[in-house]
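Spelled out from the first residue to the last, the chains are:
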Amino acid sequence: MRIFSGIQPTGSKHLGNYIGAIRQYVEGQDRGEALYCIVDLHAITVSYDPHELRSSLYDLCALLLAAGLDAQRCILFRQSDVLEHAELTWLLASVTAFGDLQRMHQFKDKSASQRELVSGGLFFYPVLMAADVLAYRATDVPVGDDQRQHVELMRDIAIRFNARFGGGEEVLLVPEHRIPSVGARIMDLQDPARKMSTTGGSEQGTIYVLDEPATIVKKIASAVTDSGREIVRSPEKAGVSNLIEILAVASGRTPQQVEADMADARGYGDLKKAVAEAVVAMLAPVRERYVRLRADEGALEQILADGAARASEIASHTLADVRERMGVGAPRQTRTLR
Ligand code: TYM
């Protein structure tokens, strides 16, 4: 099994990223060959500051290591270091339907919220994402629920590529998403109808992985619930359901167990207290390790460079096959190796 996922080096990473994705990355290291990519080329599709991008890339690299990624057990790298991603994006563009890209929810949402330029890069974002995964012939893609449509598109792209250029072979592997059954969509604590997010969410309703324990406690204490007192999940109780899911993940229980354990609670105050304790216990050690790891940019750069060399080794084989099948570049036997 080969696992691949990507994460953007933008903004501070929040509890949704941690529960929906990062936690799964850490587990993936024990399940198979795992590649994790910090996607700086995706980050430039909306307005950004070049200096901040470099520094937030190191922030995220240190955060991922602090959360439990181990450069000995996975390949952690920066997307722009492996040139195959950009090349494959262009090659795959020829088997990507324009209409499919127009239907992407994330493009619609993000383009609507851009105040200045809606870049062509934002429209092409899902093709780059397909290239990320398909370049490694990955089987599993751990993501949160909001990336479901993007993973479906990359499957369609692989299928269309194989049909058009594969000559009966699966040149590109059709990957599967791994969306967790609990915690795939953590909601904003202040507005539980909206997913927790760095852009567009409320500051008070977003728990950052690096928030101080006291801040976490405060944000959870002020989470929006409803006027009842029953601690059960239901569509009418979005805020309470969200807290139950968070508590389940943070305390290593199922939501059903949490509901049973909370049956004697005196009300939502008890629930919030338990959530705050569990979230602080889960995130505090990450924060402590982060501070130490972030201080050594040289070491982070070394990890990323090693990761890129290992990633490129894999991706270059796929690209050689793709070029050959598409009739692009010199034929394989005469092409000089880079
Ligand atoms: P990004 O950086 O926005 O988010 C990283 C991961 O966090 C998940 N996530 C959530 N999970 C649960 N609840 C939430 N509220 C929540 N918010 C975010 C996301 O689903 C994601 O898994 N396009 C991707 C990055 C990417 C990628 C890839 C992913 C680039 N190439 C290839 C997989 C494979 C993104 O924007 O992630």
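Rules used in this analysis
- Residues numbered from 1 in each chain as written.
- Predicted model: local features only at pLDDT ≥ 70, side-chain atom pairs only at ≥ 80, totals over all residues.
- Heavy atoms only, no water.
- Helix = DSSP H or I, 4+ residues; strand = E, 2+ residues; numbered from the N terminus.
- Expected span 1.5 Å × (residues − 1).
- Buried < 20%, exposed > 50% of the residue type's maximum accessible area, 1.4 Å probe, protein only.
- Polar contact = N/O pair within 3.5 Å; in protein donor to acceptor, adjacent residues only side chain to side chain.
- Domains from an automatic or database assignment.
- Contact = heavy atoms within 4.5 Å.
- Buried area = accessible area lost by both parts, 1.4 Å probe.
- Salt bridge = Lys/Arg side-chain N within 4 Å of Asp/Glu carboxyl O.
- Nonpolar A, V, L, I, M, F, W, Y, C, P; charged D, E, K, R; others polar.
- Near = heavy atom within 4 Å.
- Areas by Shrake-Rupley, 256 points an atom, 1.4 Å probe, with all protein chains shown as cover.
- Bend = angle between axes of the 7 residues up to and from the residue.
- Axes fitted to C-alpha atoms, helices over the stretch in contact; angles between N-to-C directions.
- Parallel < 35°, antiparallel > 145°, perpendicular 65-115°, else oblique.
- Left-handed = near helix turned anticlockwise from the far one by under 90°.

## As for helix α3 (residues 50-67)
At step 1: In a regular helix each residue adds 1.5 Å, so 18 residues correspond to 26 Å; α3 covers 26 Å between its end C-alpha atoms and thus fits that length.
At step 2: Among the residues of α3, Leu53, Ser56, Leu57, Tyr58, Leu60, Cys61, Ala62, Leu63, Leu64, Leu65, Ala66 and Ala67 are the ones counted as buried.
At step 3: Two or three places before His51, at the start of α3, stands the capping residue Asp49, its side-chain oxygen 2.8 Å from that residue's backbone nitrogen.
At step 4: Residue Gly68 follows α3 closely and has a positive phi angle near 125°.

## Remarks on the domain arrangement of the protein chain
At step 1: By domain assignment, the protein chain separates into domain 1 (2-183 + 296-326) and domain 2 (213-292).
At step 2: Between domain 1 and domain 2, the C-alpha centre-to-centre distance is 31 Å.
At step 3: Counting residues at the interface gives 12 residues for domain 1 and 11 residues for domain 2.
At step 4: Both sides of the domain 1 and domain 2 interface together cover about 1,000 Å² of buried area, and 76% of this is carbon and sulfur.
At step 5: Among the residues domain 1 hides against domain 2, the three largest losses belong to Leu15, Ala66 and Val182. Together they make up 45% of the total.
At step 6: Counting the contacts that link domain 1 with domain 2 gives 0 salt bridges.
At step 7: Taken together, the links from domain 1 to domain 2 amount to 3 residue pairs in polar contact (both at pLDDT 80 or more).
At step 8: Going through the elements one at a time, α1 (15-31) and α3 are the ones with two or more residues in the side of domain 1 that touches domain 2.
At step 9: Across the side of domain 1 that touches domain 2, the residue classes break down as 8 nonpolar, 1 polar and 3 charged.

## Quick word on the site of the ligand
At step 1: Taken together, 27 residues surround the ligand, and among them Gln8, Tyr125, Asp132, Gly144 and Asp146 come closest.
At step 2: Interatomic distance of 3.1 Å between a side-chain N/O atom of Lys13 and an oxygen atom of the ligand.
At step 3: Within the backbone of Gly144, an N or O atom sits 2.9 Å from an oxygen atom of the ligand.
At step 4: Contact with the protein chains covers 96% of the free accessible surface of the ligand, which is 720 Å².
At step 5: Mapped onto the shell around the ligand, the elements with two or more residues apiece are β1 (2-7), α1 and α7 (120-134).
At step 6: In the shell around the ligand, the residues fall into 12 nonpolar, 11 polar and 4 charged.

## Here we look at α7
At step 1: For α7, which comprises 15 residues, the first-to-last C-alpha distance of 22 Å matches the rise-based estimate of 21 Å (1.5 Å per residue) to within 8%.
At step 2: In α7, a bend of some 40° at Pro126 exceeds every other bend along the element.
At step 3: Among the 15 residues in α7, 12 count as buried, and that is most of the element.

## Some remarks on unusual backbone geometry
At step 1: For Arg137, which is not glycine, the phi torsion reads 50° and is therefore positive.
At step 2: With respect to the helices and strands, the residue Arg137 is situated in the loop between α7 and β4 (140-142).
At step 3: Arg137 gets classed as partly exposed once you look at its relative accessible area, which sits at 24%.

## Structural notes on the packing of α3 against helix α12 (residues 268-294)
At step 1: Contact pair α3 / α12: the axes reach a minimum separation of 8 Å and the direction vectors enclose 130°. Classified by the angle between their axes, α3 and α12 sit oblique to one another. As α3 packs across α12, the resulting crossing turns out to be right-handed. Contact residues: Ser55, Tyr58, Asp59, Ala62, Leu63, Leu65, Ala66 and Ala67 in α3; Val286, Arg289, Tyr290, Leu293 and Arg294 in α12.
At step 2: Classifying every residue of the contact of α3 with α12 gives 9 nonpolar, 1 polar and 3 charged.

## Comments concerning the pattern of salt bridges
At step 1: Under the defined criterion, the tally for this structure stands at 26 salt bridges.
At step 2: Asp100 is the partner of Arg160 in a salt bridge, and the nearest nitrogen-oxygen pair spans 3.8 Å. Note that Arg160 is positioned in helix α8 (residues 148-165) and Asp100 in helix α5 (residues 98-102), a separation of 60 residues in sequence.
At step 3: Residue Arg160 is classed as partly exposed on the basis of its relative accessible area, which comes to 35%.
At step 4: Residue Arg185 pairs with Asp145 through a salt bridge whose shortest N-O separation is 3.5 Å. Of this pair, Arg185 sits in the loop between β5 (176-178) and α9 (213-221) while Asp145 is found in the loop between β4 and α8, placing the two residues 40 residues apart along the sequence.

## What to know about the side chain of Gln106
At step 1: If you trace the backbone, Gln106 turns up in helix α6 (residues 105-113).
At step 2: Sequence-distant contacts of Gln106, defined by excluding residues within four places in its chain, comprise Tyr125, Gln147 and His150.

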